[in-house]
Amino acid sequence: MKVSRTQRWAVGAPPLLYLLIFFAIPTLIMVVASFRQPGEYGGLAPLFLEGENGTWRLDVTLESYRAVFSDTLYTGLFLKSFGYALVTTFACLVIAYPLALLIARSPAKVRDLLVLLVILPFWSNFLIRVYAWMIILGPQSAFILGLNGLLGSVGLEPVELLNTPFAVVVGLVYVHLPFMVLPLYANLEKHDPSLLDAAQDLGANAWQRFWRVIFPLSLPGVYAGAALVFIPAFGIFAIPDILGGTTGIMIGNVIKQQFLETRDWPFGSVLSMILTAIAVLVAGLAAWFARRSRL
Amino acid sequence: MRRLLLAALCLMSTSALSKDNVLHLYNWNQYIDPQTVARFEKACACKVKQSYFGDNEELVAKLAAGAKGYDVLVPTSNYVQGMAKSGQIQALDLALIPNLKNVAPAYLNTAFDPGNKYSVPYAYTITMLGYNEERMKERGITVDSWAAIFDPRILEKIKKKVTVLDSQNELMAAALRYLGYSVNERDPKKWDEAKAVILKAKPYWSAFKATGYIEDLAAGRSWLAHGYSNDIYQAELGAKEAKQKFHIRHALPKEGAVLALDAMVITKSAPRPDLAHKFINFMLEGQNSADLTNMMGSGNPNTDAQPHIKAEIKSMKAIFPDAETAKKLEMLSDLNAQQRRLLNRLWTQIKAAK
Amino acid sequence: MRRSKSLWATAMAAYVFLYAPLVVVVVYSFNDSTMNAQWVGFTWKWYGVLFNDEEMLTAAWNSLLVGLVASAVSTVLGTMAGFALYKYQPKVLPILVVAPIAIPEILMGVSLLIFFVTINLTLGLISITLAHVAFCVGFVAIVVRSRLSGLDESLVEAARDLGASPWKAFRLVTLPLIMPGVVAGALMAFTLSIDDFVITYFTAGADAMTLPLKIYTMVKTTVTPEVNAVSTLLMLVTLVLILAASKLSPSVLRQAD
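Residues numbered from 1 in each chain as written. Chains lettered and ligands numbered in written order. Predicted model: local features only at pLDDT ≥ 70, side-chain atom pairs only at ≥ 80, totals over all residues. Heavy atoms only, no water.

## So, the overall build of chain B
No. 1: When its secondary structure is counted, chain B shows 16 helices and ten strands.
No. 2: In terms of overall dimensions, chain B is globule-like: its C-alpha atoms have a radius of gyration of 21 Å, near the 20 Å expected for 354 residues.
No. 3: Summarising its shape, the C-alpha atoms of chain B cover approximately 70 × 50 × 35 Å along the three principal directions.
No. 4: Taking the intrachain contacts of chain B between residues at least 6 apart in sequence as the baseline, contacts between residues at least 24 apart amount to 75%.
No. 5: Of the roughly 13,500 Å² of accessible surface on chain B, a fraction of 55% belongs to carbon and sulfur atoms.
No. 6: Here chain B carries 47 positive and 37 negative side-chain charges, and the mean point of each set is 3 Å from the other. (Helix = DSSP H or I, 4+ residues; strand = E, 2+ residues; numbered from the N terminus. Rg over C-alpha atoms; globule rule 2.2 N^0.38 Å. Contact = heavy atoms within 4.5 Å. Areas by Shrake-Rupley, 256 points an atom, 1.4 Å probe, with all protein chains shown as cover. Lys, Arg positive; Asp, Glu negative; His and termini not counted. Charge placed at Lys NZ, Arg CZ, Asp CG, Glu CD.)

## A closer look at the overall build of chain C
No. 1: Scanning chain C for helices and strands turns up twelve helices and zero strands.
No. 2: In terms of principal-axis extent, the alpha carbons of chain C reach across some 70 × 60 × 30 Å.
No. 3: Buried positions account for 61% of the 257 residues belonging to chain C.
No. 4: Residue pairs at least 24 apart in sequence account for 71% of intrachain contacts in chain C once pairs closer than 6 positions are excluded.
No. 5: Surface accessibility of chain C: about 9,900 Å² in total, with carbon and sulfur atoms responsible for 70%.
No. 6: Taking the average place of the 15 positive charges on the side chains of chain C and the average place of its 14 negative ones, the gap between the two points comes to 12 Å. (Buried < 20%, exposed > 50% of the residue type's maximum accessible area, 1.4 Å probe, protein only.)

## Here we look at the packing of aromatic side chains
No. 1: Evaluated as defined, the whole model comprises 45 aromatic pairs over all chains.
No. 2: Relative to Phe116 of chain C, the ring of Phe22 of chain A has its centre 6.3 Å away and its plane inclined at 50°; by these criteria the two rings are tilted. A residue pair is termed interchain when its members come from two chains, as with Phe22 of chain A in helix H1 (residues 5-33) and Phe116 of chain C in helix H5 (residues 105-118).
No. 3: On the basis of relative accessibility, which here comes to 14%, the residue Phe22 of chain A falls in the buried class. (Phe/Tyr/Trp six-rings, centres within 6.5 Å; stacked < 30°, edge-to-face > 60°.)

## What to know about the nonpolar core
The nonpolar side chains of a soluble globular protein tend to be buried with one another.
No. 1: In terms of nonpolar packing, the biggest core is built from 311 residues, with Tyr97 of chain A together with Phe150, Trp205 and Leu224 of chain B touching the most fellow members.
No. 2: Element by element, the count of residues in this core is highest for helix H3 (residues 72-105) of chain A, at 16 residues.
No. 3: Apart from residues lying up to four places away in sequence, Leu224 of chain B is in contact with Leu129, Gly130, Tyr131, Met136, Val143, Ala148, Ile149, Ile158, Lys161, Val162, Thr163 and Leu217 of chain B. (Core = buried A, V, L, I, M, F, W, Y, C linked by side-chain atoms within 4.5 Å.)

## Considering the interface of chain A and chain C
No. 1: If you look at the interface, chain A gives 91 residues, while chain C gives 94 residues.
No. 2: Here chain A is connected to chain C by two salt bridges.
No. 3: Residues Arg129 of chain A and Asp195 of chain C are paired through a salt bridge, measuring 2.3 Å at the closest nitrogen-oxygen approach.
No. 4: Counting every contact that joins chain A to chain C gives twelve residue pairs in polar contact (both at pLDDT 80 or more).
No. 5: Counting residues per element, the side of chain A that touches chain C draws most heavily on H1 of chain A, at 20 residues.
No. 6: Its residues assigned to classes, the side of chain A that touches chain C shows 68 nonpolar, twelve polar and eleven charged. (Salt bridge = Lys/Arg side-chain N within 4 Å of Asp/Glu carboxyl O. Polar contact = N/O pair within 3.5 Å; in protein donor to acceptor, adjacent residues only side chain to side chain. Nonpolar A, V, L, I, M, F, W, Y, C, P; charged D, E, K, R; others polar.)

## A look at a nonpolar patch on the surface
Residues and elements named next belong to chain A.
No. 1: The grouping of Phe35, Phe48, Trp56, Leu58, Val60 and Leu62 at the surface amounts to a nonpolar patch, some 600 Å² of accessible area in total.
No. 2: Residue placement: Leu58 occurs in strand E2 (residues 56-58).
No. 3: A residue is classified by how much of its surface remains accessible, and Leu58, at 46% relative accessible area, is partly exposed. (Patch = residues over 30% accessible without salt bridge, like charges linked within 9 Å, V, L, I, M, F, W, Y side chains within 5 Å.)

## Quick look at the interface of chain B and chain C
No. 1: Counting from both sides, the interface comprises 30 residues of chain B and, opposite them, 27 residues of chain C.
No. 2: Counting only elements with at least two residues in the side of chain B that touches chain C, the list comes to strand E1 (22-28), strand E2 (47-53), helix H3 (56-64), helix H10 (213-219) and helix H11 (229-241) of chain B.
No. 3: It is E2 of chain B that provides the largest number of residues to the side of chain B that touches chain C, a total of five residues.

## Quick notes on unusual backbone geometry
No. 1: In this structure, Asn109 of chain B takes a positive phi of about 55° despite not being glycine.
No. 2: Mapped onto the secondary structure, Asn109 of chain B falls in the loop between helix H4 (80-85) and strand E4 (120-132).
No. 3: One non-glycine residue, Asn120 of chain C, lies in the positive phi region at around 60°.
No. 4: Looking at the secondary structure, you find Asn120 of chain C in the loop between H5 and helix H6 (125-148).

## Re the state of the cysteines
All names here are of chain B.
No. 1: Inspection of the entire model under this criterion finds one disulfide over all chains.
No. 2: Note that Cys44 is cross-linked by a disulfide to Cys46, the S-S spacing being 1.8 Å. A torsion of -80° about the S-S bond marks the disulfide between Cys44 and Cys46 as left-handed. Exposure class is identical for Cys44 and Cys46. Each is buried. (Disulfide = S-S within 2.5 Å.)

## Examining the confidence of the model for chain B
No. 1: With 95% of its residues at a pLDDT of 70 or more, chain B has an overall mean of 89.
No. 2: Long-range and interchain partners of residues 4-19 of chain B, a stretch whose pLDDT sits below 50, account for twelve contacts in this model, where long-range means more than four residues apart. (pLDDT = per-residue confidence, 0-100.)

## Things to note about the packing of helix H10 (residues 206-235) of chain A against helix H4 (residues 93-102) of chain C
No. 1: At a closest axis distance of 8 Å, the pairing of H10 of chain A and H4 of chain C adopts a crossing angle of 50°. The angle between H10 of chain A and H4 of chain C places the two elements in the oblique class. Contacts between H10 of chain A and H4 of chain C pair Leu228, Ile231 and Pro232 of chain A from the former with Val98, Ile101 and Ala102 of chain C from the latter.
No. 2: Its residues assigned to classes, the contact of H10 of chain A with H4 of chain C comprises six nonpolar, no polar and no charged. (Axes fitted to C-alpha atoms, helices over the stretch in contact; angles between N-to-C directions. Parallel < 35°, antiparallel > 145°, perpendicular 65-115°, else oblique.)

## Looking at the side chain of Lys351 of chain B
No. 1: In this fold, Lys351 of chain B is placed in helix H16 (residues 337-352).
No. 2: Setting aside anything within four residues of it in sequence, one finds Lys351 of chain B in contact with Asp241, Thr246, Thr247, Ile249 and Gln257 of chain A together with Asp166, Lys202 and Phe208 of chain B.

## Quick look at the packing of helix H4 (residues 108-119) of chain A against helix H1 (residues 5-28) of chain C
In a packed pair of helices, the relevant descriptors are the angle between the two axes and the axis-to-axis distance.
No. 1: Remark: H4 of chain A packs on H1 of chain C, axes separated minimally by 9 Å, with the N-to-C direction vectors making an angle of 45°. Judged by the inter-axis angle, H4 of chain A sits oblique to H1 of chain C. In this structure, H4 of chain A uses Leu114, Leu117 and Val118 of chain A to contact H1 of chain C, whose residues at the interface are Tyr15, Leu18 and Tyr19 of chain C.
No. 2: Taken together, the residues that form the contact of H4 of chain A with H1 of chain C break down as six nonpolar, no polar and no charged.

## A word on the confidence of the model for chain C
No. 1: Looking at chain C as a whole, the pLDDT averages 84, with 93% of positions reaching at least 70.
No. 2: Confidence over residues 251-257 of chain C falls short of pLDDT 50; this stretch has 15 contacts with residues more than four positions distant or in other chains.

## Topic: the pattern of salt bridges
No. 1: Scanning the entire structure with this criterion turns up 24 salt bridges over all chains.
No. 2: A salt bridge links Asp334 of chain B to Arg263 of chain A; its shortest N-O distance comes to 3.0 Å. Of this pair, Asp334 of chain B sits in the loop between strand E10 (329-330) and H16 while Arg263 of chain A sits in the loop between helix H12 (251-259) and helix H13 (265-292), placing the two residues on different chains.
No. 3: Classification of Asp334 of chain B as partly exposed rests on a relative accessible area of 22%.
No. 4: When its relative accessible area of 3% is taken as the criterion, Arg263 of chain A is described as buried.
No. 5: Between Lys351 of chain B and Asp166 of chain B there is a salt bridge, with the nearest N and O atoms lying 2.6 Å from each other. Of the two residues, Lys351 of chain B sits in helix H16 while Asp166 of chain B sits in the loop between strand E5 (162-164) and helix H8 (168-178), which places them 185 residues apart along the sequence.
No. 6: The class of Asp166 of chain B is buried, set by a relative accessible area of 14%.
No. 7: Each of Arg111 and Glu189 of chain A together with Arg147 of chain C takes part in a single network of salt bridges with overlapping partners.

## Structural notes on the side chain of His24 of chain B
No. 1: As for its position among the elements, His24 of chain B is in strand E1.
No. 2: A polar contact of 3.3 Å, which involves the side chain of His24 of chain B, links it to the backbone oxygen of Gly69 of chain B.
No. 3: The contact partners of His24 of chain B, leaving out residues within four places of it in the chain, are Lys49, Gly69, Tyr70, Asp71 and Val72 of chain B together with Ala206 and Asp207 of chain C.

In structure tokens, the structure reads:
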């Protein structure tokens, strides 16, 4: 079917324009900032410096870029964040999938309620929820006391779950779970039940039905959910801060510090751009895979 | 002159609350007593709209990006110089602030703001140690030195029950002091020494916490915290209120510590500089200044406020240090861009280390 | 539909995981202590404190308002973007849609602040809403796009053959089919907006206060149970609103069966 030019514009232009104005241009300011010097007291140094004869020259530098790659400190943190984001995405997928499947198969009336119940906790407040995890994983909680009692009775050492990488992953998974459940649900909801019936009639057991029919059909939803979990998780700083203890630092924390404590906006800008580039790459790969699996 | 005229106009104009009769105050979280605010609103027949920041850096970042609309800010004094040089704050009309005479001379005319051209002292806090008295006694630890958070021999006994401030400036300052250097030491070699001290102690710490250590102490989850004097006072109260079987105490390390003097300044683009001056003058009155101390346990540079301060707070050497201790306190001065970059690199290395 | 017991069990476990912290939040809102550290006793007083706390209530109201407007606008824009991404394979739009999700919030917050100041936009609820829409659009677009993939084109073509304009075909055929995706996107956008802190912090200006900002100020010192109380109430109010909305327009939440 031929698509008219006006149709393309009518649909594509509004979001494009909005994002150009309220995203691209502001970001461009910071992209330019990555080449500038940090301001003496914070912010950015003036872009133009007065030269000897009263001429103005552009005060740009690659110093910030060099600083990133001068040693493995920052690349190591990028890898660490990447790893955490990956683990979080997989964990979210494993936990979200049965939930999304159950909701998708429920009768229409119950479905809406179940979807709302998934997202309802996230209308409280982010910090409060994370602090609640601090209480649950903390040494004085009923959960931990019970767990350690159990471990003790089997002769194992008591564990401390707070301020560990485990706590960070729990927090990350928790905070991102709805962003995996909802896209998965949106996809699973449209699956034709007759396909499953046909598979069963042909002798497939439950596991085969899932792996050969349901999962492949749901791949676009899986990739959408994975993108919406991985990308934000990659740059997050609040959760490692609160739940991570002394080793909880990730690249998101470093970036935040550049804009606050260190007041080194050019450096923060460079790190941000690298982060964004990696994330966009990952999203692009996900979209590419999704297109390939499009049925 | 113009400001006096404005002030007069304000007094003469309608006493009814108009939409523009608002003072915008940008202050630390919970750093002013609501009663004081109410009293001011009555006195000036205006409304006070408060915004909050948790750290100087947030304030500085917003201002650097151009945020407008605030009248009075309360940064820590070492940032005043930078703000003045960047043209973000205006010179005060001291004629409108006669109560300045109430402030103890020791806190006036600082290196950051000679002649108090831009700022007026508000309150001060000292960074020190807060600890669980009973737990420390059980282990035979006397908390009187930075060694409590840096010496592995002491830390062994309280492993994972210690938190330190999540601030590169504060922690480095503590380490530098522990080594006998000034908190404003700039020599990168000495910074490396401090870093080494920190890295040796880090495995024994449970977390870097700029907030939440109050509750940790009060709940008994942690036994020793590197924190601010007013926060530790809050922890003390919290433990009492929760009827805990232990007490939280202050300890000002004998090597010395950081004194943070918070000051009131007026932004250059302030919508109501007249109200701003009125507010500053108001806050320098004895009772109003004392309100904050009584509420928070913050230090008070105002001599007029002393009679209004609760006796138990006044007697706390940690909040109101005597002359001997005061000599060992230092104020942090701001670093330049290169130094900040280096410090942040060190800090990232510290945080990323196992 | 066959329902296996193990599926049900794992799904329920997921719900328990989702609600565990929530139980803590709600229970501690009745804690008779100024700290959230230990359970001392039961009291209603924090709800009383909340109802007298004008700043907190205004902040909660602002958050709801901004959330509703931002999610509405970003759902519309995001659906358009998702549709465009799916059908027209544009070059620039994909990056513009994904990048706001990827870019660190603090960078976006600072750069938006600089931008707003440069164009002399008064900072307030409007600037916050504009900022929120910018990063929510991508979430909606990605979900809608994934829902569109696998869409049966023949249905749309049939409608066109029967004489419907492209807009009518979209409204009466495509839209109902992708509605769960649109709703999922809207829910995510709303959630992101009412909970956003970093970007809101920088684009709020001196006058506007949203709930995350207000709560942050308390978290920095002590988290009194008043915060738990407002969190609990916010959830309830939002739930009631959404349920009411779904009663009024049953077709919105449900795909045309």
